[in-house]
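Fold and geometry: a report
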Amino acid sequence: IALLRPAVANLTGISESQRVDALLVSAEFFPLLGLRPHLGTWLSRADEETGRPRRAVLSYELWRQTYNSDPAIVGKNIYLDDVA
């Protein structure tokens, strides 16, 4: 079982902000689908704890189009609605 909630956010902190569709998901979401990350890691249960920094998983398409497939984006801040 995994939790998810659709959302819409503004991706900011880039040359031109853009509206993106998003999903707020629990740590079980990606493993439940049997997916593996292209780069980096999935979310963990520790990420769900109150007070922890927020983490994001970019879609392959967003990574390719917005970040020019730059593998160095892993571990860097992105901004959704001006929140890191």
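Look up a bit, the structure's there.
**With respect to the sheet that holds strand S3 (residues 79-80)**
Pairing is antiparallel in the open sheet, where three strands are placed in the order S2-S1-S3. Of all strands in the sheet, those with a lone pairing partner are strand S2 (18-25) and S3, marking the two edges. Examined bridge by bridge, strand S1 (residues 4-12) and S3 share two bridges and lie antiparallel to one another. Bridging across to S3, Thr 12 finds its partner in Tyr 79.

**Quick word on the environment of Leu 4**
With respect to the element layout, Leu 4 can be found in strand S1. The sequence separation of Leu 4 and Trp 42 amounts to 38 residues, and the corresponding C-alpha distance is 15 Å.

**Digging into the pairing of S2**
When S1 meets S2, the two strands line up antiparallel, connected through eight bridges. Opposite Leu 11, over in S2, you have Gln 18 as the bridge partner. Turn length for the S1-S2 hairpin, with the two strands adjacent in sequence and antiparallel, is five residues, and the turn residue Gly 13 shows positive phi of about 80°.

Thresholds applied
Residues numbered from 1 in each chain as written. Predicted model: local features only at pLDDT ≥ 70, side-chain atom pairs only at ≥ 80, totals over all residues. Heavy atoms only, no water. Pairing = 2+ DSSP bridges. Helix = DSSP H or I, 4+ residues; strand = E, 2+ residues; numbered from the N terminus.

Interpretation note: all reported values are geometric properties and have no functional meaning in isolation.
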